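# Chains, contacts and geometry: an overview
Chain by chain, the residues run as shown.
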Amino acid sequence: MAKKHIIVDPITRIEGHLRIEAIIDENNTIVDAYASSTLFRGIETILKDRDPRDAGLLAMRICGVCTGTHYQRSIEAVEDAFDITIPKNARLVRNLIQGALFMHDHLVHFYHLHALDFVDVVSALKADPAKTAQEAKKWAGVAGTTPFISGEGEFEEIQARVAKFVKQGRLGIFGNGYWGNEHYKLTPEQNLIGVAHYLKALDVQRNMAKMQAIFGGKNPHPQSIVVGGVTCVQDIQNPSRIGLFKSLLLETTKFVKQAYLPDIYMAGTMYADEATDSKATFTELMQGKGVGGTGGGLLNYMTYGDFRLDDTGFYHSELLFPSGVVYNGDLSKVYDLDPSKIAEDVTHSWYKGTGAPEHPYDGTTDPEYTGLEKKDDGMAYLKTKEKYSWIKSPIYNDTRVEVGPLARMVVGVARGDKRITKYVTNFLKRGNLPTSILFSTVGRTAARAVETELMADVMVEWVDELAKNAAMGDLSTWTDFDFDKVSKETKGAGLAEAPRGALGHWVRIKDGKIANYQAVVPSTWNAAPRDYKGRLGAYEAALIGTKVANAEEPLEIIRTIHSFDPCIACAVHVVDTKGKELGVYKIDTGCSI
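Remember, predicted model here, so these are calculated numbers, not experimental data.

A few words on the overall build of the chain. The number of helices and strands found in the chain is 18 helices and 16 strands. Relative to the globule expectation of 25 Å for 593 residues, the C-alpha radius of gyration of the chain, 24 Å, shows essentially globular dimensions. Projected onto its principal axes, the C-alpha coordinates of the chain cover approximately 70 × 65 × 50 Å. Within the chain, the proportion of its 593 residues that are buried is 61%. In the chain, 76% of the contacts between residues at least 6 apart in sequence involve partners at least 24 apart. Total accessible area on the chain is roughly 22,100 Å²; 49% of this is exposed by carbon and sulfur atoms.

What follows is the structure, encoded as structure tokens:
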């Protein structure tokens, strides 16, 4: 049987435009894969010659989802260049805004972008509502809590709503799914739980948008973070505003613990056979043994670290998520992060290059689109031996790495961080899951849920700390600085974490204006094409070895790609500094699945 070359374009339920091409052998196993961003956009070059204090307001437009993250990282890059340490209140407010963004992003990602890769909506119509209620109690019990939805009547009502949509042919957001695919593994009752929580999450996610707006001024695109601190002085002074934030946080935390975590246990257990190739113990994994499952991929993990826990300065504070690098899934060794080892390669990207990977401080963005290739079957394919994506290929220490929630949890455990290790080990222990399950598509999804629970709990500490600080009379929110003095010629970097992983903004400043600006975002690290040595990016590597039940319904490809929570709009940037049209490109992808 000949190998199959399949195209999935576009990958849906993501931000941006992504194409995956995969080669499947006679056993329906993926033996090669290519990830390509098929459209480009950009921000960095329009920042040149602007006042660096305004950079954040433009940089946040890189994305329409994690706007506040780009906003803060841009401002932190300028603060690093000016050697500014912000006040305690500003640190806490920024942590709370970003924490709300993390929770919002993770919940929306799992339920509204990723859950349908595990949950068969149509199967839920066969469920017995009474048995569903018992099933919900079972998985909530695994999580050590009670179910968010426990009544038979509520499950029956939700099932009737979905049945009505199906009967009328109006599945809407549930339309065009691969319902009935043999690689769906949940029972009808478990599927009904997933559908019910999907609908509930539509309401819950509003809480986190409100939380961001309380201190950020609005959502998306908050306005209260400025170089030197924050501007939301009246919100910090008002106990009712802090109280509202906390009440919304506790309401959301209830859903996280009573719905999100039980659903992850349910999916993790039902899909555990494909999530790990071994039953390695925690000790064995600490020795680098027994690593890997379907979707494991590179097994190299990097995080810049984030969420300052003290006020000793941007790169000196203790962090909630420590920085570091882990290679080959070996939790017994962790390496300190060295920002000078970060570079971007364009060998297989639609840009002109110098022939050597460039550090972001010296990065260039010069487009060179070379098109797709029409073959005898009439379809258009990526020129995979040449350039085939608008995303550059980031490299750390001349190695391809994965970033994201899994990387943060892996590095945290490898560092011996007590808080992260506690949450990870408790999650695995409660679910009776092997540690090796983390190194897989399912594990990547589970790590995001573990991080959400951790974030929800620690944010209660932060909001209480802010309230106490304000009550004691400390209302400082900004550090003064002499712009004319500090902006002559300097450079800085804002290296921290976005919900999807390591995010860096680099800025060079000369005579009070931005001389060069580059952003390397999480989906640039993960969605990148091959590099100058032919080494695969994280998406590509994660697909290798995946077995596809039906090549006409590439559910497994979508499930693994979704586990990274792609944001391709963030990953691609190119605009002429004068607004000049650089070129017009017609992308003809031909037929696609």
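Overall, antiparallel pairing links the three strands, which are arranged β1-β2-β3 in an open sheet. Because the sheet does not close on itself, it has two edges, and the strands there are β1 (4-8) and β3 (30-37). Adjacent strand axes in the sheet meet at a mean angle of 15 degrees, parallel and antiparallel pairs treated alike. Strand contacts of helix α17 (residues 555-562): β1, β2 (18-24) and β3, with the helix running at about 130 degrees to β2, the strand carrying the most contacts.

Bringing the nonpolar core into the picture now. Within the largest apolar cluster, 168 residues are counted, with the highest numbers of intra-cluster contacts made by Phe 215, Met 455 and Met 459. Per-element tally for this core: the top contributor is helix α13 (residues 441-471), with 14 residues. Not counting residues within four places of it along the chain, the set of residues in contact with Met 455 comprises Gly 99, Phe 102, Met 103, Phe 307, Leu 320, Phe 321 and Trp 462. Tyr 327, Val 401, Val 403 and Ala 493 belong to the second-largest nonpolar core, a separate cluster that totals 16 residues.

A few words on the sheet that holds strand β14 (residues 489-498). Taking strand neighbours across the sheet as the criterion, the three strands line up as β14-β15-β16 in an open arrangement whose pairing is antiparallel. For this open sheet the edge positions go to β14 and β16 (513-520), each flanked by a neighbour on one side alone. Averaged over neighbouring strand pairs, the angle between their axes works out to 15 degrees when direction is ignored. In terms of strand pairing, β14 meets strand β15 (residues 501-510) through 10 bridges, oriented antiparallel. Bridged to Thr 490 within β15 is Ile 509. Helix-sheet contacts for helix α2 (residues 67-82) involve β14, β15 and β16, and the interaxial angle to β14 is about 145 degrees.

Attention now goes to the environment of Ile 43. Note on placement: Ile 43 falls in the loop between β3 and α1 (55-59). When its relative accessible area of 8% is taken as the criterion, Ile 43 is described as buried. Between the alpha carbons of Ile 43 and Gln 518 there is a distance of 9.1 Å; along the sequence they are 475 residues apart.

Most of helix α11 (residues 405-415) sits out of view: 10 of its 11 residues are buried. Every buried residue of α11 is listed here: Pro 405, Leu 406, Ala 407, Arg 408, Met 409, Val 410, Val 411, Gly 412, Val 413 and Ala 414. Gly 416 sits one or two residues past α11 and shows a positive phi near 80 degrees.

A few words on the side chain of Asp 565. Structurally, Asp 565 is set in the loop between α17 and α18 (568-571). Judged by relative accessible area, which is 1%, Asp 565 ranks as buried. Apart from residues no more than four positions distant in its own chain, Asp 565 is found in contact with Asp 105, His 109, Leu 113, Arg 448, Arg 500 and Ser 523.

All chains considered together, the criterion is met by 31 salt bridges. In this structure, Arg 94 engages Glu 79 in a salt bridge whose closest nitrogen and oxygen atoms are separated by 2.8 Å. Of this pair, Arg 94 sits in helix α3 (residues 88-114) while Glu 79 sits in helix α2; the two residues are 15 residues apart in sequence, bridging distant segments of the chain. With relative accessibility at 3%, the residue Arg 94 sits in the buried group. Looking at Glu 79, the relative accessible area reads 5%, which means it is buried. The partner of Asp 362 in a salt bridge is Arg 508, and the shortest N-O contact between them spans 3.2 Å. Here Asp 362, found in the loop between β10 (342-345) and β11 (373-374), pairs with Arg 508, found in strand β15; they are 146 residues apart in sequence, far enough to count as distant. A relative accessible area of 28% places Arg 508 in the partly exposed class.

What counts as what
- Once a new chain begins, its residue numbering starts again from 1 and follows that chain's sequence as written.
- Per-residue local features are limited, in this predicted model, to residues with pLDDT of at least 70; the limit for side-chain atom pairs, both in listing and counting, is 80 or more; totals at the level of whole chains, interfaces and linings are taken over all residues.
- In computing side-chain values, all of the structure's heavy atoms are included and hydrogens and water are not.
- A run of DSSP states H or I qualifies as a helix once it reaches four residues; a run of E qualifies as a strand once it reaches two. Both are numbered from the N-terminal end.
- Radius of gyration means the value over C-alpha atoms here, while the globule rule gives 2.2 Å times the residue count to the 0.38 power.
- A 1.4 Å probe rolled over the protein chains alone gives each residue an accessible area, and that area as a share of the maximum for its type sets the label: buried under 20%, exposed over 50%, partly exposed in between.
- Contacts are assigned to residue pairs that have any heavy atoms within 4.5 Å of one another.
- Working definition of accessibility: Shrake-Rupley area with a 1.4 Å probe, residue cover restricted to the visible protein chains.
- Between any two strands, pairing holds if DSSP finds at least two bridges.
- The axes used here are C-alpha line fits, helices contributing only the stretch in contact, and every angle between their N-to-C directions lies in the interval 0 to 180 degrees.
- Definition of nonpolar core: a set of buried residues of the types Ala, Val, Leu, Ile, Met, Phe, Trp, Tyr and Cys, connected through side-chain atoms within 4.5 Å.
- Just to be clear on terms, a salt bridge is a Lys or Arg side-chain nitrogen sitting within 4 Å of an Asp or Glu carboxyl oxygen.

These values are about where atoms sit, not about what they do.
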